[in-house]
Amino acid sequence: MNDLPKEFDLCVIGTGFQESVIAAAASRVGKSVLHIDQNEFYGGFWSSYNLENFMNHLEVNKAEETDKMCKIRNVNQQWYEFTDEIPEINEWNKEKIIKDSRRFNIDLIPKLNYCNGKLVDLLISSNICRYTEFRAVDKVLTARNGQLDIVPGSRADIFTKKNVSIVEKRLLMKFITQCVEYKADDEKKEETFDFPDDGKFIDLMRQQKLTDNLIHYILYSMCMGNDETTFKEGLDKIRMYLTSIGRYGNTPYLFPMFGCGEIPQCFCRLCAVFGGIYWLGQHVSDVNIIDSDNDEKVVKMKFGDEFITSKKLVCGLDSNLLDINAYPTSHISRAVFITTKPVGGSSVNSELDGGGVVLLYHPIEGSSDGVTMIQLSHFTSCISKGLYLVHLSTPFKKGAQNDLKDFVNTFFREDYSSDDDTKPTVIYSAYFEVPSSIKGHNYVDSQNGPIFYCCGSFAELDYDESIRQSRLLYSKMYPDDDFLPKAPEPEEIIIGDEDETNSSVNLGALADLVIENDKSGDNEGQETVNDDIKAENEHPVDENKDTESTNDIEKA
Amino acid sequence: MHGRLKVRTSAEEAARKKKEQDLKAKAYRIGMDKIFSLRSSESFGSELLELTGKILSVNPDLSTLWNIRRECILKMTEENKEDSTLFDRDLGFTELCLQIQPKSYGAWHHRSWILENSPKPDWDKEVNLCKLYLKKDERNFHCWDYRRYVVKKANVSAEKEFEFCDDKIQKNFSNYSSWFYRSQLLPILHPHESDQSRPISEEKLKEELEIVITAAFTDPNDSSAWFYQRYLLGYSDPKFDIACFKLIKQHMIIAFTKAVDLNRDKISIFIDNNCDSQWMAISGNKSDCIWINRGDFEITDEILIKVTHADQEYSLTAKKYDKSAVIGCKLPSFGYEFGIAVKEELKNQLESCNQLLEFEPDSKFTLLTAALLMRSLDRFHYHEETLEYLKKLQTVDPLRYGYYRDLASKWILEVKLKEFVESGKYEKIDLTALDLTTVYYNQFLVIANEIDLRENPALNKNSCKFSLVEGCNVSF
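Keep in mind that this is a model prediction, so the values were computed, not measured. (Residues numbered from 1 in each chain as written. Chains lettered and ligands numbered in written order. Predicted model: local features only at pLDDT ≥ 70, side-chain atom pairs only at ≥ 80, totals over all residues.)

Colleague: I keep staring at the overall build of chain B and nothing clicks. Help me out?
Modeller: When helices and strands are tallied, chain B shows 16 helices and 12 strands. Against the globule reference of 23 Å for 476 residues, chain B gives a C-alpha radius of gyration of 30 Å, more extended than a compact globule. Dimensions of chain B along its principal axes, counting C-alpha atoms only, are 100 × 60 × 50 Å. Expressed as a percentage of its 476 residues, the buried residues of chain B come to 35%. (Helix = DSSP H or I, 4+ residues; strand = E, 2+ residues; numbered from the N terminus. Rg over C-alpha atoms; globule rule 2.2 N^0.38 Å. Buried ≥ 20, exposed ≤ 12 C-beta atoms within 10 Å, placed from the backbone.)

Colleague: I tried to follow the overall build of chain A on my own but got confused; where do I start?
Modeller: Across its full length, chain A holds 15 helices and 20 strands. Counting over 556 residues, chain A shows a buried share of 43%. Of the contacts made within chain A by residues no fewer than 6 positions apart, 71% connect residues no fewer than 24 positions apart. (Contact = placed C-beta atoms within 7 Å.)

Colleague: I would appreciate a short explanation of the packing of helix H12 (residues 340-359) of chain B against helix H13 (residues 364-378) of chain B in the present structure.
Modeller: Two numbers describe a pair of packed helices, the interaxial angle and the distance between the axes. Residue and element names in this part refer to chain B. The interhelical angle for the contact between H12 and H13, taken along N-to-C directions, is 155°, at an axis separation of 9 Å. Taken as axis vectors, H12 and H13 run roughly antiparallel relative to one another. Viewed along their axes, H12 and H13 form a crossing whose handedness is left-handed. From H12, Lys343, Leu346, Lys347, Gln349, Leu350, Cys353, Asn354, Leu356 and Leu357 reach across to H13, where they touch Thr366, Thr369, Ala370, Leu373, Met374, Ser376 and Leu377. Split into classes, the residues belonging to the contact of H12 with H13 amount to nine nonpolar, five polar and two charged. (Axes fitted to C-alpha atoms, helices over the stretch in contact; angles between N-to-C directions. Parallel < 35°, antiparallel > 145°, perpendicular 65-115°, else oblique. Left-handed = near helix turned anticlockwise from the far one by under 90°. Nonpolar A, V, L, I, M, F, W, Y, C, P; charged D, E, K, R; others polar.)

Colleague: Please clarify how the sheet that holds strand E10 (residues 253-256) of chain A should be interpreted in this entry.
Modeller: In a beta sheet, neighbouring strands pair by backbone hydrogen bonds and run either parallel or antiparallel. Residue and element names in this part refer to chain A. Here three strands make up an open sheet; going across it, the order is E6-E10-E7 and the pairing antiparallel. Either end of the sheet is taken by a strand with one partner, and the two such strands are strand E6 (113-114) and strand E7 (134-136). Strand direction decides the pairing type here: E7 and E10, joined by three bridges, are antiparallel. Each residue of the ladder has a partner; that of Ala136, found in E10, is Leu254. (Pairing = 2+ DSSP bridges.)

Colleague: Which parts of the structure should I look at to understand the sheet that holds strand E11 (residues 450-452) of chain B?
Modeller: Residue and element names in this part refer to chain B. An order of E10-E11-E12 is seen for the three strands of this open sheet, with the pairing classed as parallel. Every other strand in the sheet has two partners, leaving strand E10 (428-430) and strand E12 (473-475) as the edge strands with one partner each. Direction aside, neighbouring strands of the sheet carry axes that sit 10° apart on average. Sheet analysis places E11 next to E12, joined by three bridges and oriented parallel. From the neighbouring strand, Glu450 faces E12, where its bridge partner is Asn473.

Colleague: Even after reading the chapter, I still don't get the confidence of the model for chain A, so can you show me in this structure?
Modeller: Detailed reading of the predicted coordinates is not advisable wherever pLDDT falls low. Within chain A, residue pLDDT values average 84, and 86% of them lie at 70 or more. A low-confidence stretch, residues 521-556 of chain A (pLDDT under 50), is modelled with 36 contacts involving residues beyond four sequence positions or located in other chains. (pLDDT = per-residue confidence, 0-100.)

Colleague: Whenever I open this one, helix H10 (residues 202-218) of chain B confuses me. Can you help?
Modeller: Given 3.6 residues per turn, any residue in an α-helix points the same way as the ones three and four places further on. The terminal C-alpha atoms of H10 of chain B, which comprises 17 residues, lie 24 Å apart, in line with the 24 Å expected from a rise of 1.5 Å per residue. Most of H10 of chain B is tucked away: 12 of the 17 residues are buried. Buried residues along H10 of chain B sit in contact with helix H5 (155-160) and helix H6 (166-181) of chain A together with helix H11 (223-232), H12 and H13 of chain B. (Expected span 1.5 Å × (residues − 1).)

Colleague: What is the right way to read the nonpolar core from this model?
Modeller: A general tendency of soluble globular proteins is for nonpolar side chains to be buried together. Ranked by internal contacts, the top residues of the largest apolar core, which has 219 residues, are Ile22, Ala24, Leu141, Leu359 and Leu389 of chain A together with Val212 of chain B. Residue contacts for Val212 of chain B: discarding those within four places in its chain leaves Ala225, Tyr228, Gln229 and Leu232 of chain B. (Core = buried A, V, L, I, M, F, W, Y, C linked by C-beta atoms within 7 Å.)

Colleague: What should I look at first to understand the packing of helix H1 (residues 17-28) of chain A against helix H12 (residues 464-477) of chain A in this one?
Modeller: Residue and element names in this part refer to chain A. For the pair H1 and H12, the least separation of the axes is 10 Å and the interaxial angle reads 45°. In terms of orientation, H1 lies oblique with respect to H12. Where H1 crosses over H12, the two elements pack in a sense that is right-handed. From H1, Phe17, Gln18, Val21, Ile22 and Ala25 reach across to H12, where they touch Ser466, Gln469, Ser470, Leu473 and Tyr474. Class assignment for the residues of the contact of H1 with H12 results in six nonpolar, four polar and no charged.

Colleague: Mind showing me how you'd approach unusual backbone geometry here?
Modeller: A negative phi angle is the norm for most residues apart from glycine, just as the trans form is the norm for most peptide bonds. All names here are of chain B. Here Asp311, not a glycine, exhibits a phi torsion of approximately 65°, which is positive. Take Asp311: it is sitting in the loop between strand E7 (302-309) and strand E8 (312-322). Its 6 C-beta neighbours within 10 Å are what place Asp311 among the exposed residues. Here Asp435, not a glycine, exhibits a phi torsion of approximately 60°, which is positive. As for its placement among the helices and strands, Asp435 is situated in the loop between E10 and helix H16 (442-445).

Colleague: Would you take a moment to explain helix H4 (residues 118-125) of chain A for this structure?
Modeller: All names here are of chain A. Among all positions of H4, only Leu119, Val120, Leu122 and Leu123 are buried. When H4 is viewed along its axis, its buried side chains cluster within an angular range of 165° and face the same direction. Against the buried residues of H4 lie E6, E10 and H12. Note on H4: the residue one or two positions beyond its end, Asn127, has a positive phi of about 65°. (Arc of directions from axis to C-beta.)

Colleague: Honestly, the pairing of strand E9 (residues 147-150) of chain A in this entry has me stumped. Any pointers?
Modeller: All names here are of chain A. Direction of pairing for strand E8 (residues 139-144) relative to E9: antiparallel, over a ladder of four bridges. Note on E9: the bridge partner recorded for Arg144 is Gln147. Following E8, the chain reverses through two residues before pairing antiparallel with E9; Asn145 in that reversal takes a positive phi of roughly 50°.

Colleague: I keep staring at the pairing of strand E17 (residues 370-376) of chain A and nothing clicks. Help me out?
Modeller: Side-chain positions along a regular strand alternate between the two faces of the sheet. All names here are of chain A. Most of E17 sits inside the fold, with seven of its seven residues counted as buried. Every second residue of E17 is oriented toward a common face, with Gly370, Thr372, Ile374 and Leu376 on one face and Val371, Met373 and Gln375 on the other, all of them buried. Relative to E17, strand E16 (residues 357-363) is paired through seven bridges, and the arrangement is antiparallel. For Leu360, the partnering residue across the bridge sits in E17 and is Met373. Between E16 and E17, which follow one another and run antiparallel, lie six residues, and Gly366 among them has a positive phi close to 75°. With five bridges connecting them, E17 and strand E18 (residues 388-395) associate as antiparallel partners. Paired with Thr372 across the bridge in E18 is Ser393.

Colleague: What is the right way to read the confidence of the model for chain B from this model?
Modeller: For chain B, per-residue confidence averages 89 on the pLDDT scale, and residues scoring 70 or more make up 97% of the total. Across the predicted assembly, pTM comes out at 0.77 and ipTM at 0.73.

Colleague: Hey, could you run me through the environment of Ser126 of chain A in this one?
Modeller: Residue and element names in this part refer to chain A. Here Ser126 is to be found in the loop between H4 and E7. Taking the number of C-beta atoms within 10 Å as the measure of exposure, Ser126 has 20 and is therefore buried. In this structure Ser126 touches Leu484, Lys486 and Ala487, once residues within four positions along its chain are discounted.

Colleague: Which parts of the structure should I look at to understand the environment of His309 of chain B?
Modeller: Residues and elements named next belong to chain B. With respect to the secondary-structure elements, His309 resides in strand E7. By the C-beta count within 10 Å, which is 18 here, His309 ends up partly exposed. With 117 residues separating them in the primary sequence, His309 and Tyr426 have C-alpha atoms 28 Å apart. In this view, His309 contacts Phe240, Asp265, Ile267 and Tyr314; residues no more than four positions away in its chain are not counted.

Colleague: Honestly, the environment of Ala255 of chain B in this entry has me stumped. Any pointers?
Modeller: Residues and elements named next belong to chain B. The topology assignment puts Ala255 in strand E2 (residues 251-260). Residues Ala255 and Lys153, spaced 102 residues apart in sequence, show a C-alpha to C-alpha distance of 41 Å. Ala255 has contacts with Ala243, Cys244, Cys289, Ile290, Gln443 and Val446, leaving out every residue within four places of it along the chain.

Structural data, given as C-alpha cells:
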C-alpha cells in the first residue's frame, strides 16, 4: 500500500447504499475518491450473505449486544427440531441446507424496485445498469380473512381474473386509468376526480362506486395503504404502480438477481471505473479536522501507520464515527425463514415451483404500518432449488418477534403436517432488528462538512427515499457538480491515441466487402470505388442517391 | 488529462457515423456490382451465395437478392437433388436475418421456399420456431401467417393450435392475429349443429361471447375484441343469395345480397332454365349487386330463377304482380337467430351493460354494445330503444357522429324493408322524413316503381344506386 496517494478529494467510510452512491457520483465528475469499509465485504447493512455467514454475522451481533442504536439487535435464530420420526421435510433437513450454504444470498435489508422508480431511472440515466441484472417480481399476493389471492395488476391479469365480475373489471380499469391521467390543476376536473388532496382515498373509491373487492386490491395491495391513506398519497402510489407495470414484466417490481447486496456494489464499480480506490477490511482512527496549507479545512485520518488527508469525509451508518445524537435512528423488525413450500399452497401457485419472486403486503390491524413479505425461489439465485427464502419486514414497534407474530401465525406453521400445503413449515427462522433512518427527518441541512454522515435504509419497499437523501447530500457537498451523468458506452471511449481509424466504424457483415476490395489492388472493383468517390466529390446530386442506398441498408 | 476518460464529442460521433454510412454505401455498391456481374456470367456458386448473404444479413428486405439467391441454390443443387445441406444452411441464414428484422417479408417467404424445395423439410422445427418468435412479439402477423402455413404441413391438430391461441389471448388480448386465428379454428373444432351458414356451435358461441365481453369491459378502447364480437354476432359479410327479381317489358333485373362479378365469379343465371348472358351491371362497374338485362320480354304468370355460384344453387320464384311486371323477392336475413342458451347469455350481458350505464351513463362503448346486444336479441322489438342509444352516442362521441347516423339509417331501413317485403305491395315504398343519411339495401328496393325519399335533408344521393334503373322513380 506504499504507492497509495496520501491526499484525496473525498474519503468514504462504509460501502452501504448511500455511501456508494456518493462515492460513485464524486468519482464520476472527476474527484479522487478513497472508499473503505471496516468489513472484508461490500455493503454493510446492505449486504447479502451466504447462509453460514449470515448465521455467524447474526451470532456475532448477538454476542456484542449493546445499547448502541446502530447495531443489529434482538437476534433469535432457530432450526426446526428434526426427530427420528420426521428426519426431513420434503427431503430437506438442517444438515443438507447448511451444506448448500453457498447457494444462499440472504439480505439484511431486502428491497424491491418499482420499474419506473428512482433507482431504475438512476441506473439507466447513469448507465450503471450494465453492472446488474434483475428479475421481475412474478406475482403480487394479498390476503383477506387469511385467504391468499393474486392481485390483478396488469390488464392481462384483470382480463383473466375469475372472481372479478365484468362490471368490476370495467370499474377497476376505469378507476386506475383515471388515476394515471389525473392532473391536480386540470381544468376538466369533473372528467376525473374532484376530491380534496387530504380526503381519504377510501372515500374517493366509495364515491366512485368501487366494490369492497376492488377497494381491497387497490388500497391494501397496490397502494400498500390503509383506511387513513389520503387521496394524494394513494394517488402517488397507484400512479407509481401503474406506470411501472408492463415496463419489464407483468408486475411493477424488480428484484436484483443474487440479492440486494448487488446494488451498492454496482455503484462501487462505477466509482472504480472512474478511478476510485477501494480498500476493504480497514479501520480508521485519529480523525481530525485540520487546516490545510491553503487555509481550507481538511480531514486527516490514520490508517494503520499511515496518515491520509481528504478534503471531505463521508461516514456510513455503521462506521464508529457517527455522532448518534445528531442522527435519529429507528429499527426495522425483520424475520428470515427457510421453507420447502411457497406460501398459500396450490390456490395461488398454479405453477408448482411457486414462482421466482412473490410479494405480499399485509396491513396490521389498528396500525398504519403493514408487514411486507418477499418470498424468493432459486430463480433469483438466492437459495437452493426446492427451498424458499422468506423475508418479512415491518417498522419496529415492540420487537421483531412480537411485531411479526400475527402475520407468521396466519401464513406459516412451526410444526409439520404433510397434508397441509397452504401453510409452509418454517425450517429455519431468524428474527432480528436492523437499524434504519426515519423518513421525513431532515438529515442534510444541519451538516456543514468537511465530515458528512449518510442515512441508513428507510422503512420503504424501494430505494426512493435513500436516493432522494443521496442527491441532497451530494448537492450539499458539491453544489456545482452534476449528479451521476450518463457514463459513456465502451464504443464511445477513445482508448490510447486511437484516432479516427476504421476500427471505430462498425460495418457488420459488410466490412469484408470493403476490405477484400481494398486488398485486391487494381482489379475492376477498385476502379468502381474510385469512380464513385470521384462522383461524390464532383456531383453533390449523386450523394443523395448514395444516401438512399445507405438508408436501405440502415433499415435493418 | 492523466487518468481521465477520453470520450468522443457529439461532433466527432457524428463524423464517425457519417464515415460509417459512407463506407456502408461503398460496400453495398461493390457488393451489388459483383453480384450482378456474377449472375450475368452465370457463375452460380458459393461466392454468389456469400455475397448476397452479406448484404441480406444487413438488410433482409431486398427481394432482388433473395430471388438471385433462390436461382443460385436451384442451379447448385441441380446435380444432386437429394442433398439437403445447402437448404439447411440457408434455413439457418434466414433465421439470422429474422433476428435482425423479424418482420421481413423476404426472409419469411424465403424460409417457406426452402422448405418447399428442400428434400428433407423438418416441419415440426418450424412450428417451434414460430412459438419462439411469437413469444418475442405476439403480434408479429408475419409469423402468425407462417405458423398457419407450417402447422398444416406438420399436421398439428386444431385443438393444439387453439390452446396456443388462447394462451396468447390471455397474455395480451390486443391481438388481431390471434382473434382471427381463433375464428378460423372454432368452426373446425365446434361446428354448428344444424345450420351450415352459422360458423360455430351455440354452446361454444356462448363461451366466446363471455370471453369477448370480458375483454371489452377490461379495455373498451382496444378495438380487437369488438371486431371479434361483431364476428360472433354475425355482423360479418352477408352470405351470397338472390335478393330479388323483377321483369317488365323492357328489361329484367336481378339483384344479389352482395356485389359479384358475373363474368369472373362464374355465376350462371337461368331464367326458366334459359341461360342468357346479356346481363350488365347497373353501375357500369365490373362488380355490382344489381344486374340488368335489356330486351323485349313477355309478362308471364310465373318465372323460376336459378343461380349457380361456387357449386351451390340458389332459386327464387317470381310471380306476376300486375299486367306490366313479374316480381320475386326474398326477405333479407339481417343477422343470426340465436338459440335459447345464447340468448340467455346475451340477456346477461345486456344486463351488465345497463348496470354499468348507471355508473357511467356516457360510456360510448357500453351504449353501442347494449344497442348491438338488443338487436341480436330482437332487432324489431328493441328498435326504438336502440335508436335512442345511437342518438345519445352522437352527442357523447361526436367524432363518430356520421358513423352513428349512418348506422341509424341502416337500422331504420331494415324495419321499413321488412314491412315493405312482407306487405307484398311493391308499387311504392315511403321513406319520407326518416332522417336518413344513406340508403342501405339498395338491391332490395329495385323492385319498387316508386321510392319516396323526400324530407331527408342529409341524405347522400350517391348511395341510391336504384335511381339508375329505368322505371324506378325516385323522389328526393
